[in-house]
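Geometric and topological summary
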Amino acid sequence: MWNFLAPPAYRAEQSGPEADARYKKLRWQVFLGIFIGYAGFYIVRKNFSMAIPMLAPFGFEKGELGVVLSMNAVAYGFSKFIMASVSDRSNARRFLPLGLCLAALSMMFMIVPIQCIGPEHKTWAIVLMAVLNFLVGWFNGMGWPPCGRVMTHWFSIKERGTWMSVWNCAHNVGGALVGPMAVYGATWFGAWFYGADEQRYFLIGTYLFPACVALLIAVIAYCLIRDTPQSCGLPAVEKWRGDYAKTYSEKAEEVLSTREIFKTVLSNRFLWYIAIANAFVYMVRYGCLDWAPTILTEQGIDIKNAGWAYFAYEIAAIPGTIICGWLSDHVFNGRRAVPTIIFMAIVAVCIVVYWQNFDNIHIVLFCLIAIGFFIYGPVMLIGVQALDLAPKNAAGTAAGLTGFMGYVLGTALLANVVIGYVAEAAGWNWTFILLIGACLLAILFMALTYKEEQYLIKNKK
């Protein structure tokens, strides 16, 4: 297996106008590959959130479904950290499509707990759903690290915020497609497969149809992605652009051992600050997103319109993310903490408006769109900041640490389990109080990294 994933050897370095033109072309090619590939992961990522309202008629409760939902985040958090260390020593061209194929296959089998076990054996159905959702999350954890590896090798620090802000929209594109694919997949294929049994149409639209599309995307990603410039006979991007990060050295181009990677990452206190901040950012991100279909259906909105609200939340993130990334590069000179703090403060205001107008569906939809617009900039910039704060050969693991905290603590524990049980026991008001507190804590921990980025102002280019 290691031979299959091993990074390709460096080729003799080319130079001159032809090499320069080839460099520019390959950067666009690999960028398109990781964009399409990462979007594919989100087509088979959070599908269970869309399934939750449809599972209620089968006798499943919010609390136990919240536990199933949390398995995805727990697995993703651990995988993003553990598999990132494998990714840092692997060929991104093979690592990403492999993870996407495995995630798609796991998603296909999510039909089994309802189709083959059924509500008559609810406990076993819940257990199998939890196991499968864990596997979906684990294999999804193989998506971000190879993309981070590609980004650090093909794009330099003072352009990375802009490029990554555009790339980060891939998960909004993929995530946004989950709602419409669930609706139309159920209509087109669910009706054909289940006939008059309309209650089960969602199994095809939510699970099987997206999984088949993801397998096709994996093939496309493999055709486009290349591991590093050096494996293509080109110089390191820092040498090509003359743009060096504080953490850069020639040793950063070498493949480190697993022990060296973890030592480099775990000893960096600034990475821990942004990792803790990320936990609270993700609590807000998924606290709003995962429970939006349930909140909206409880407010009398049918599942089709709830799916389109889910779509709007994700699509609104695209311009917000790009603007945030552009600001970090061109206004804040490569610093990530300040724009993150600004955007999280605005998110807190949006949540207050959401909360205070909970019975007005039009304001609720507007606030969901606004939260989607502003929350994904901080999500993206924390990942970029992790790449900035670590050497290139440990970048995936650095981002994996922030992802681990974001998904295990922020998403699985706080956004899924805590909010699920708090909503059941105390109502939605208390969930909004928790979300506002999370915004404030994210701002506090991001502020601790402010001084570490000040060197970028002195080194304006």
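Residues numbered from 1 in each chain as written. Predicted model: local features only at pLDDT ≥ 70, side-chain atom pairs only at ≥ 80, totals over all residues. Heavy atoms only, no water.

With that settled, consider the pattern of salt bridges. Applying the stated criterion across every chain, the model contains four salt bridges. As a salt-bridge pair, arginine 27 and glutamate 159 come within 2.9 Å of each other at their nearest N and O atoms. Of the two residues, arginine 27 is situated in helix H2 (residues 17-43) and glutamate 159 in helix H9 (residues 157-194); the sequence distance between them amounts to 132 residues. Between aspartate 227 and arginine 149 there is a salt bridge, with the nearest N and O atoms lying 2.8 Å from each other. Placement of the pair is aspartate 227 in the loop between helix H10 (201-224) and helix H11 (237-241) and arginine 149 in helix H8 (residues 144-154), with a sequence separation of 78 residues. As far as burial versus exposure is concerned, aspartate 227 and arginine 149 are alike and both buried. (Salt bridge = Lys/Arg side-chain N within 4 Å of Asp/Glu carboxyl O. Helix = DSSP H or I, 4+ residues; strand = E, 2+ residues; numbered from the N terminus. Buried < 20%, exposed > 50% of the residue type's maximum accessible area, 1.4 Å probe, protein only.)

Our focus in this paragraph is helix H18 (residues 395-426). Along its length, H18 reaches its greatest deviation from straightness, about 40 degrees, at threonine 411. Taking burial as the measure, the 32 residues of H18 include 23 buried ones, the bulk of the element. After H18 finishes, the residue glycine 427 shows a positive phi value of roughly 95 degrees. (Bend = angle between axes of the 7 residues up to and from the residue.)

On to the nonpolar core. Counting 140 residues, the largest nonpolar core has Phe48 and Trp167 as the members making the most contacts within it. A per-element tally of this core places helix H17 (residues 361-389) first, with 16 residues. Not counting residues within four places of it along the chain, the set of residues in contact with phenylalanine 48 comprises Leu55, Leu65, Val68, Leu69, Met110, Met129, Asn133 and Tyr207. (Core = buried A, V, L, I, M, F, W, Y, C linked by side-chain atoms within 4.5 Å. Contact = heavy atoms within 4.5 Å.)

Taken N-terminus to C-terminus, the directions of helix H4 (residues 62-87) and H8 make an angle of 45 degrees; their axes are 8 Å apart at the nearest point. If you check the angle between H4 and H8, you find them oblique. For the element pair H4 and H8, the recorded crossing hand is right-handed. On the side of H4, the interface is formed by Tyr76, Lys80, Ala84 and Ser87, while H8 contributes Trp144, Pro145, Pro146 and Arg149. When the residues that make up the contact of H4 with H8 are grouped by side-chain class, the tally is five nonpolar, one polar and two charged. (Axes fitted to C-alpha atoms, helices over the stretch in contact; angles between N-to-C directions. Parallel < 35°, antiparallel > 145°, perpendicular 65-115°, else oblique. Left-handed = near helix turned anticlockwise from the far one by under 90°. Nonpolar A, V, L, I, M, F, W, Y, C, P; charged D, E, K, R; others polar.)

This next bit is on the side chain of arginine 149. Note on arginine 149: relative accessible area 7%, which makes it buried. What arginine 149 contacts, discounting residues up to four positions off in sequence, is Pro7, Ser87, Asp88, Ser90, Ala92, Asp227 and Thr228.

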